[in-house]
Amino acid sequence: MTWDDYSEKELVAILKSMIFVMATDNGLSDRAKNYLNRKAVLIDCTVPLLKKTTEISPLETVEIIRNMNFDKKDIIPYLWIESAAINHGRTYGKYCFDDFEYEKEAVLVLSERCNVDISNYLSNRHEIHPPLTL
């Protein structure tokens, strides 16, 4: 599966869910904003995806992700764990949701409402490789 397999609305909803994860404790840091900008460019540089995250409601975000098929949802837990790590200044390493108290709470709510299976990411650590450069 590639980013081209996702609709623009799905990409925007995914980015908005990542923002929700990152903003759980003290809002979005400059580091988090830079990461999101790089991620949006890597996903699709022709569409101002981050700006569009302000145009959909949290309810619509949940609905869009909930309606995605299993294959499309497969990447979302990884993106959420990557977002949680970046939010704490960690740009590489192995992490699980148990490593991040506030982000874990947000992800538990998101996963339930969006019907995204995060069971493999709760206590099993995964290597993250966020985009460091363009």
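On a predicted model such as this, the values are computed, not experimentally measured, just so you know.

## Here we look at helix α1 (residues 8–22)
The periodicity of an α-helix, 3.6 residues per turn, causes residues three or four positions apart to be oriented the same way.
Inference 1: Taking 1.5 Å of rise per residue, 15 residues should cover 21 Å, and α1 covers 21 Å from first to last C-alpha, within 8% of that figure.
Inference 2: Across the 15 residues that make up α1, a large majority, twelve, are buried.
Inference 3: Of the residues making up α1, those classed as buried are Glu 10, Leu 11, Val 12, Ala 13, Ile 14, Leu 15, Lys 16, Ser 17, Met 18, Ile 19, Val 21 and Met 22.
Inference 4: For α1, the secondary structure elements touched by its buried residues are α2 (30–43), α3 (49–52), α4 (58–66), α5 (70–73), α6 (76–87) and α7 (101–114).

## Things to note about the nonpolar core
Within soluble globular proteins, side chains that are nonpolar generally end up buried alongside one another.
Inference 1: One finds Leu 15, Met 18, Leu 36, Trp 80 and Ile 81 to be the most contacted residues of the largest nonpolar core, which totals 40 residues.
Inference 2: Listed by contribution, the elements that provide at least two residues to this core are α1, α2, α3, α4, α6 and α7.
Inference 3: Take this core: its biggest share by element is nine residues, from α1.
Inference 4: Beyond its immediate sequence surroundings of up to four residues, Leu 36 is in contact with Leu 15, Met 18, Ile 19, Met 22, Leu 28 and Leu 50.

## Some thoughts on the pattern of salt bridges
Inference 1: Within the structure shown, the criterion is met by six salt bridges.
Inference 2: The residue Glu 82 makes a salt bridge to Lys 39 at a minimum N-O spacing of 3.0 Å. Taken together, the residues Glu 82 in helix α6 and Lys 39 in helix α2 connect sequence positions 43 residues apart.
Inference 3: In this structure Lys 39 comes out as buried when scored by relative accessible area, which is 9%.

## Section: the environment of Met 1
Inference 1: For Met 1, the position within the fold is in the segment before α1.
Inference 2: Residues Met 1 and Arg 90, 89 residues apart in the sequence, show an inter-C-alpha distance of 26 Å.
Inference 3: Leave out the neighbours within four places in its chain, and Met 1 touches Tyr 6, Asp 71 and Lys 72.

## Some details on the confidence of the model for the protein
Inference 1: In the predicted model, the protein carries a mean pLDDT of 87, and 94% of its residues have values of at least 70.
Inference 2: Across the protein, the secondary-structure element scoring lowest on mean pLDDT is α3, at 81, and the one scoring highest is α4, at 97.

## Section: the side chain of Lys 72
Inference 1: Mapped onto the fold, Lys 72 is located in helix α5.
Inference 2: Other than its neighbours up to four places away in sequence, Lys 72 contacts Met 1, Asp 5, Tyr 6 and Glu 10.

What counts as what
- Residues numbered from 1 in each chain as written.
- Predicted model: local features only at pLDDT ≥ 70, side-chain atom pairs only at ≥ 80, totals over all residues.
- Heavy atoms only, no water.
- Helix = DSSP H or I, 4+ residues; strand = E, 2+ residues; numbered from the N terminus.
- Expected span 1.5 Å × (residues − 1).
- Buried < 20%, exposed > 50% of the residue type's maximum accessible area, 1.4 Å probe, protein only.
- Contact = heavy atoms within 4.5 Å.
- Core = buried A, V, L, I, M, F, W, Y, C linked by side-chain atoms within 4.5 Å.
- Salt bridge = Lys/Arg side-chain N within 4 Å of Asp/Glu carboxyl O.
- pLDDT = per-residue confidence, 0-100.

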